[in-house]
Every structure is written in structure tokens, then in C-alpha cells.
Amino acid sequence: MYREIFVPVDNSQHSDWAVDRAIEMCRKSEGRITGNHVYAARLHDVRFRQLETGLPAQFQTPDEIKKQRKIHDKLIEKGLQLIADSFLDQLGKRCEAAGVALTRQLLEGINYEEIVNEVNRGAGRLPGLIGFDPNRAAGYDGGDKVRSDVKLGENGRIVAEEEDAAARLVGSSGRQYDLMALGAHGLGRQQFSQLGGVAARVLRGVEKDVLIVRDQQPLTGGRFMVCVDGSSYSYKAMKSALELAQEFGGSLYVCSAFDVEYHHVVFHNIKDVLSYQASKVFKFEEQEELHNNIIDKGLLKLCQANLKRAEVMAQQYPDVPLKTQILIGKPFQVIMQWAEEIKPTLLVIGRHGAHRIEDTELGSQSENLVRLAPCSVLLTGVVGVRPEDIPWIEEDGQAGLPWAPEAEVRILRVPPFAQGIARRAVEEYVLEKVGNGGPPPTVTNKWLDEAIQKLLPTHMQLIMGIGSAEEIALAEVKAAEQMKATKVQGHDADPEPAVAEVETKCPVTGRVGKRPRVATDPIVWTEEGWQRLQLVPLIARPLARNTVERFARNHNIWRVTTPVMDDNKQAMIEADEFDVDTMMVMFTELRAKQIRAEAEGKDALSPEMRAFIEDAKAQGITRCPIRDIEDKMEKCPVDMKAVTPEDAKKAIEKLLQ
């Protein structure tokens, strides 16, 4: 429990509520409150100097201005100290009535700067009190050094005293605080304010625990809600929540959240950005399914482990009723929704989360919650946070399966951010097939191939570089051969001719001439467009080229430049279809399978045939009319065994129109 609590006061309603919570805590812990108010005498001094030009003429001489500055400085500071003392008087009466020890404190300077320095290191600037009664000054930090009061001369006017600037300050408290309790708003609150200006600035600089008070709800018998994400920061918050719930006889609600929507948003974004890289070939729908099966499943397990650790901690507090909940969505959003449901008295969160970046002051989820939460928020600080404080659970002692060297090399090709989850998915697949009995099996290439085939379609295995070396090499050789037919000529910046022409060469004389372009002439790629195409993995490059060229022909574009690709990227995706040659290649292979099936006395659409069709779909041919082969096979007017290839091609083209 907190024993040394720092409470800044300004006589606002939220400040009074912060005092109530600090008193409530100190009565339980027999602690002490340091009541604080910061004033900025320097600010008034600057403003006075700006207004000096408006003084009457008799006060405009250099000596008189110097004299007036001295009078003003001490008089204004004296007035500010009296106002602050009045604020602290109200706090003193409430602490005395509650039997809570109080130390008064004034600090001089910019309010949020002095508060941060005082809370973190006890290094706030203590001013010398002006004309305070010694008995009253004894209740203040630095009250043993009292400055002389404002003096009046024989003529009844204030005397301009010579006072060393250094003598105005009497040092610092050096106190070590456990907690700062602060109202969410101050006297300047506006209708749409989420958080007061001082509170917002202080939050980013204070390293200790901070209680942001939004309402008058007492902690006794309340509902405490805490969020854990597997980080040591969140388990410090969990410990604080357990201690408070036990001390005040409250119940505890623990949640852990993970966001599945983020991956979906990212996939759709990439799909648009990579249109010139043949996004259809990458089969983003299947990638999303992969995330649903592996990434999202892995995140769910992490959340389950987070809550299990929280339950282990709660075993030390058996009198605290506990409820746990996994939340799915953007963390701060779903936490807010759950808070609306359970109506907590206090939300407890860590200053940072598992993804903290060095030198950041406040995590993004925490900042959103502090600003938007409908209840008071306890933000636990970074002081005393240690990685070893994360509770141990049984799963932590389970070592992964051993991996054969060749399989280890292949799994390392997976991007680092997904490598741990992918490794675990393969191990789970192996354990599912082998069972848990006996010694742990080794993940070999055989097991890895099986797992990959289950999780990824064939074309994705090749494009992501996870297939075997032979498969990848053969696919790349075939793709490179297909790309040789691409015609590259000119640059994006070249002016487009008024009449599109192509060069022709006489086969007899060898003379080169020009003629107008016709629809059957090859599409021309500029050097810049060709370089853009090189960004597509080699295996997928021919299909990417075909997609762009097909779109160009359909829209009377004969020259592919980078602006053409950028301006029409979405239309290219929507128009994704395979040309007749591609379909005929697939049909030839399909027909060969069919003939073999018929020779073996099988149905034309036997399981083997159906498997081949599904494999064709998996290779990216989702929009090829061959996908409807089951519906159109009976309508085929041609006996494929009795016609020439040319007649067959014409018949199939007619069938597929």
C-alpha cells in the first residue's frame, strides 16, 4: 500500500476528490500526505516588465523602475504564498479530521515542471516563506528558513528591499514518494476537455505511480479493473490492483486484449499498394486465413497465458473475488467497452506495455485509456519494474521440440515477427500427429513439408520461398523463360507519338520500316515500368505482366508506364482473368488427367480429378473459367480423343465465351 502520497491542490472539485482518495489510502496504510501548491512568481515578474511602459511618467525613471520591480516582486510573491496557504488550509482541516499526517509544501516555478521534479526526485524548488509565523511555517517543507515580511517605510509606502535571488529559495525536500494523486481537471476545465493541461503534462514526465481522479466514488467496497498484456509493467499493475482490492474489500476484474482486426486492415492496405505486384497472385484471402489459423490463434494463447499468470498472482490474495476476461479488438477500445459494462471504481493500467520503445514516456493504449476512461485511473510507473517479476506458469517450463538442422534453416526463412508463432504451429502439428507419449519427436524436413502443405497453398509456398530448393528453382527457370517475350522500349518521359507505330523488317531484303499499330502487336513496356515489374517475385512475375498487359489491351493502351500502373491499379485487380493460352495449358493438363481416369474406369470427376481442380484454384486460377469445369464438362461438344488440337482449341474457346 501507498504510504507517501503527493497531492497537488488548487481548490477545484477534482482536486478535492483527489484529496479524498489520498486520505482514504493513508487511513489504511497509516501514511502521510504531502499537500502541494505551485505558484509562478517569475511569470508575474515577466508580465510586470511588459506593462512598465504604461506606468505614469513619474515612475519611468531608471531608479524608480528598479525600485518598483523590487516592491512588485516581493509583494506579488507574498500574495501568491497567502493564496496557496489558504488552499492548503482546507486540506489541513480535512486531514486533521481524518487523523492523517500532513506536510505542507509550496513550490515556485512552472507548475508541471516542479511537480515532475518533486515526485520523481524530491527536487522541486522550495521558496522561502515571506513573513510566516514560525509555528505555522513549521508545517511546511523548508519552513525553518523564513524570509522577512514586506516592510513599510515612514511614509507608509512599501520599502524596496535588496534581496538576493538565491536567498529566495531554500532547497528541496529530497522526499521519496510512492504515489501522486491528482485531479483529472483543474479550475480551467472546459466542456470538451478530456484531461486537464497540467495533468496531461505531468503524466508524461512522472515515473512513479499516478492516480488520476475523475469522480467522488470511494475505493471501499469498489470494483477494481486491471489490464495485463504479458509485460512486467502490466504485472506491476496487477499487484497494485490486488493490494488495493484486498485492503478496501473490493472485487477484481482482469482482462487481456488482442487485436485481430489490425491484420485485416493491413492486408487490405497491402492489397491496394501492391497492385502492380500482382496482388491476386499472392492470394491475400488465403494469407488472411493463414493469420486466422496461426497468428490469431497464437495471440489467443498469449492472452490465455497472460490471464493464467494473473490468476497465479491472485492465489496470494484468496479473499479477493476474481473474474478474468479475454477481449478481442483494439485494446483501448474493447477495454472501454468492458468498463462500460462492469462500471469499475478504479481502472489500473501500466504506464507501458509489451511493445514499449526505449525513451517513450507513455504507451499509446495507456494514454487513450487515461484520457477516455469514465472512472478514476491508477497508472503504475516504471520504478521497480523487473522482468523477473513476471509470474511463472507451467507452460513456461515446456521446451520446444528439437529441430533437425535442415528444417531449422528452412523455418528461419519465415519473417522474424511471425517466426515464433510459425515454429509453434509446426510443433503443434507434429505433436498432433505423433501424440504426447514417448520421447519428444524431432521436427524434420518431412514433418515441416507436411505442416506447410496443410497451412499454405502450393503457389504461396513457392512465392514465400518455403518450398523445396528444386521446386523454387524450376519455377524460377520457367518464369524467366516466359519473361523473355516482354518488349521493353523507351522511357516514361518520352513524348507519346500522335500515331502509334511499330517497326517492321522485310524477311527478304531486311529493310526496316514502320506501320501503324494493330491490336495484335505486343504491348510495349517503358524502362521504368519494366523496373517496377522487377519488384514482383520472379515466380509471380509472368502472371503480373499478363494481368497488366491484358488490362492495357482492353483499354486501348499500347504503352505501359508507371503512371499507367498507378492510375489503374484497382481496375487491374478487378479485371483479373487468365488469357486463353493460360487456360489451354491448364485444360491440356486437366484433359490428360481425365483420360487417365477414364482408362482406369473411374468417373470423369473422380476424387483425383476434383483434387486437381482444387490444386488449380490454389495456384491462383480462381477466376479462370476452368473453375466451372464441373458445370460445363457435360456441355462440351467435342470428343477430345478424335479432333485435332486446333479444332479442340476453337471449340473450347467457343464453349468458354
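No experiment lies behind these values; they were computed from the predicted model shown.

Within the span of helix α4 (residues 111-121), buried status applies to E114, I115, V116, E118, V119 and N120. The elements touched by buried residues of α4 are β1 (4-8), β2 (32-39), β3 (101-108), β6 (179-183) and α6 (197-205). Where α4 ends, the next residue or the one after it, G122, has phi of about 65 degrees, a positive value.

Two numbers describe how helix α11 (residues 331-342) lies on helix α12 (residues 364-372): the axes approach to 9 Å, and their chain directions differ by 35 degrees. The handedness of the crossing between α11 and α12 is right-handed. On the side of α11, the interface is formed by P331, F332, I335 and M336, while α12 contributes Q365, N368, L369 and L372. Residue composition of the contact of α11 with α12, grouped by class: six nonpolar, two polar and no charged.

This next bit is on the packing of aromatic side chains. Any pair of aromatic rings gets described here by the distance separating the centres and the angle formed by the planes. Tallied over the entire structure, the rule returns three aromatic pairs. Their ring planes at 90 degrees and their centres at 5.7 Å tell us that F132 and Y140 sit as a pair that is edge-to-face. The residues F132 and Y140 share a single accessibility class, namely buried. Plain terms: the ring middles of Y253 and W338 are 6.0 Å apart, the flat faces sit at 75 degrees to each other, and that makes the pair edge-to-face. Taken together, the residues Y253 in strand β9 (residues 251-258) and W338 in helix α11 connect sequence positions 85 residues apart. For Y253, a relative accessible area of 12% gives the class buried. Lying across the ring of W447, K446 places its NZ or CZ 4.3 Å from the centre.

The next point concerns the sheet that holds strand β16 (residues 524-525). Pairing within the open sheet is parallel, and its three strands lie in the order β13-β16-β17. Looking along the sheet, the strands with just one partner apiece sit at the ends: β13 (487-488) and β17 (559-560). Taken together, the two bridges between β13 and β16 define a ladder with parallel strand orientation. Its bridge partner being in β16, K487 is matched across the sheet by V524.

In this structure, I5, M25, M238 and L252 are the most contacted members of the largest nonpolar core, which totals 53 residues. Discounting residues that sit within four places of it in the chain, M25 has contacts with M1, Y2, I5, L179, L211, L219, L244 and F248. Listed in part, the 41 residues of the second largest apolar core include V119, V202, M225 and V334.

This part is about the packing of α4 against α6. For the pair α4 and α6, the least separation of the axes is 9 Å and the interaxial angle reads 35 degrees. Seen along the crossing, α4 lies across α6 with a hand that is right-handed. Taken together, the residues of α6 that come into contact with α4 (itself represented by N111, Y112, I115, V116 and N120) are V198, R201, V202 and G205.

How each quantity is defined
Residues numbered from 1 in each chain as written. Predicted model: local features only at pLDDT ≥ 70, side-chain atom pairs only at ≥ 80, totals over all residues. Heavy atoms only, no water. Buried < 20%, exposed > 50% of the residue type's maximum accessible area, 1.4 Å probe, protein only. Helix = DSSP H or I, 4+ residues; strand = E, 2+ residues; numbered from the N terminus. Contact = heavy atoms within 4.5 Å. Axes fitted to C-alpha atoms, helices over the stretch in contact; angles between N-to-C directions. Left-handed = near helix turned anticlockwise from the far one by under 90°. Nonpolar A, V, L, I, M, F, W, Y, C, P; charged D, E, K, R; others polar. Phe/Tyr/Trp six-rings, centres within 6.5 Å; stacked < 30°, edge-to-face > 60°. Lys NZ or Arg CZ within 6 Å of the ring centre and 35° of its normal. Pairing = 2+ DSSP bridges. Core = buried A, V, L, I, M, F, W, Y, C linked by side-chain atoms within 4.5 Å.

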